[in-house]
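Summary of structural features
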Amino acid sequence: MPDVVGIPLLLKAALPKVRPGGDLPDLRLERHDVLIDPDHVAAYADLCGFPRKDTVPLTYPHLLAFGLHLRIMADAFFPFPAIGTVHLENSFTQHRPIAPTERVQVTAHPDGLRPHAKGRVFDLVTQVHARGELVWEETSTFLRRGHGSEGAPTGPTFPEAPPTGTEWRLRSDLGRRYAAVSGDRNPIHLYPLTAKAFGFPRQIAHGMWSLARCVGALENRLPRAVTVAAAFKRPILLPGTVAFGSRRAPEAGPGAYAFSLSSPSNGAPHLAGAATPA
């Protein structure tokens, strides 16, 4: 099951820091003997468009680590509050499929504080082991806006994947439904009023839902061992409509697929990514 994330932890993660803008703490958090709940896996699969299978969806282990991520950012010596920190990129590798009845160990730690053209970025690194075997790992990259560094890298680029005629209409309550499954109750995803308090015209979809929805549309075409990487480009306002695109991308490697989400009205990109055999 996902780690239970309560309101006090969310508030603590949003508080000012003891060493604002300082270095990342040497911090490693773990969850031991985590039992995966098949009913919860099924609810997540349905919400994110994954086919029902005898293995967990490719993006599901992210939920097992979300509570650890929030606890890291809630640490008094973590240099940035969670609110206002932008999830910029995500990459993960599934080394082998995970059964929904397995018990796993989940670890997470911060790493790689570095300059960015729009401020500074850092990673939250996750590993999932089953009986000592590394089965899944992830790097989530976050941006803290501020004084940027001229010439600093701006992030990865991916092969183009123009829309292929598939559009998804997203309900206004998508953020609340994903929050109920994932535990991610960031107010920018929940209601127009709470999103406006942080500068958005109305609530926005979770980036990890949009990535999961793309991967769910591709999963039956992907190998058992696979690496998926994506960059989140622009927020998806709710309610709204997005256009999905995918294609084989041999320029990214044998067996690779490129995928994207964009606005049907003007083609503005929301997400770009690629999946390659691991």
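Owing to the predicted nature of the structure, the values given are computational and were not obtained by experimental measurement. (Residues numbered from 1 in each chain as written. Predicted model: local features only at pLDDT ≥ 70, side-chain atom pairs only at ≥ 80, totals over all residues. Heavy atoms only, no water.)

Here we look at the nonpolar core
- Formed by 62 residues in total, the largest nonpolar core has its most connected members in Tyr44, Leu211 and Phe259.
- In contact with Tyr44, not counting residues within four places along its chain, are Phe50, Pro57, Thr59, Tyr60, Leu63, Tyr178, Val181 and Ala212.
- Within the second largest apolar cluster, five residues are counted, among which are Phe158, Ala229, Ala272 and Ala274. (Core = buried A, V, L, I, M, F, W, Y, C linked by side-chain atoms within 4.5 Å. Buried < 20%, exposed > 50% of the residue type's maximum accessible area, 1.4 Å probe, protein only. Contact = heavy atoms within 4.5 Å.)

A closer look at the packing of helix H2 (residues 38-48) against helix H6 (residues 207-218)
- For the pair H2 and H6, the least separation of the axes is 8 Å and the interaxial angle reads 85 degrees. When the axes of H2 and H6 are compared, the pair comes out roughly perpendicular. On the side of H2, the interface is formed by Tyr44, Leu47 and Cys48, while H6 contributes Trp209, Ala212, Arg213 and Gly216.
- Class assignment of the residues belonging to the contact of H2 with H6 gives a composition of five nonpolar, one polar and one charged. (Axes fitted to C-alpha atoms, helices over the stretch in contact; angles between N-to-C directions. Helix = DSSP H or I, 4+ residues; strand = E, 2+ residues; numbered from the N terminus. Parallel < 35°, antiparallel > 145°, perpendicular 65-115°, else oblique. Nonpolar A, V, L, I, M, F, W, Y, C, P; charged D, E, K, R; others polar.)

Re the pattern of salt bridges
- Per the counting criterion, the structure on display carries 10 salt bridges.
- Of the charged contacts in the structure, one is a salt bridge between Arg96 and Glu133, with a shortest N-O distance of 3.1 Å. You can see Arg96 sitting in the loop between strand S2 (86-94) and strand S3 (103-116) and its partner Glu133 sitting in strand S5 (residues 133-145), a full 37 residues away along the chain.
- The exposure class assigned to Glu133 is partly exposed, which follows from its relative accessible area of 37%.
- Between Glu251 and Arg247 there is a salt bridge, and its shortest N-O distance comes to 2.4 Å.
- Using a relative accessible area of 28% as the deciding quantity, one classes Arg247 as partly exposed. (Salt bridge = Lys/Arg side-chain N within 4 Å of Asp/Glu carboxyl O.)

Some remarks on the side chain of His206
- Mapped onto the secondary structure, His206 falls in the loop between helix H5 (192-196) and H6.
- We classify His206 as buried; its relative accessible area is 3%.
- In terms of polar contacts, His206 uses its side chain to reach the backbone carbonyl oxygen of Asp184, at 2.9 Å.
- In contact with His206, other than residues within four places in its own chain, are Gly175, Tyr178, Ala179, Asp184 and His189. (Polar contact = N/O pair within 3.5 Å; in protein donor to acceptor, adjacent residues only side chain to side chain.)

Let's talk about unusual backbone geometry
- With an omega of -5 degrees, the peptide bond running from Leu238 to Pro239 counts as cis.
- Relative to the helices and strands, Pro239 resides in the loop between strand S7 (226-232) and strand S8 (240-248).
- Notably, Asp33 is not glycine yet its phi reads approximately 50 degrees, a positive angle.
- Its place among the elements puts Asp33 in strand S1 (residues 29-35).
- The phi dihedral of Arg131 is positive, around 50 degrees, even though this residue is not glycine.
- Here Arg131 lies in the loop between strand S4 (119-130) and S5.

Some thoughts on the sheet that holds S8
- Pairing is antiparallel across the open sheet formed by 10 strands, whose spatial order is S1-S3-S4-S5-S2-S7-S10-S9-S8-S6. With one partner strand each, in any of the chains shown, S1 and strand S6 (166-170) form the two edges of the open sheet. Across this sheet, the average inter-strand angle for adjacent strands is 20 degrees, counted without regard to direction. (Pairing = 2+ DSSP bridges.)

Observations regarding the environment of Asp39
- For Asp39, the location among the structural elements is in helix H2.
- Residue classification places Asp39 among the exposed residues on the basis of a relative accessible area of 63%.
- Between the alpha carbons of Asp39 and Val181 there is a distance of 11 Å; along the sequence they are 142 residues apart.

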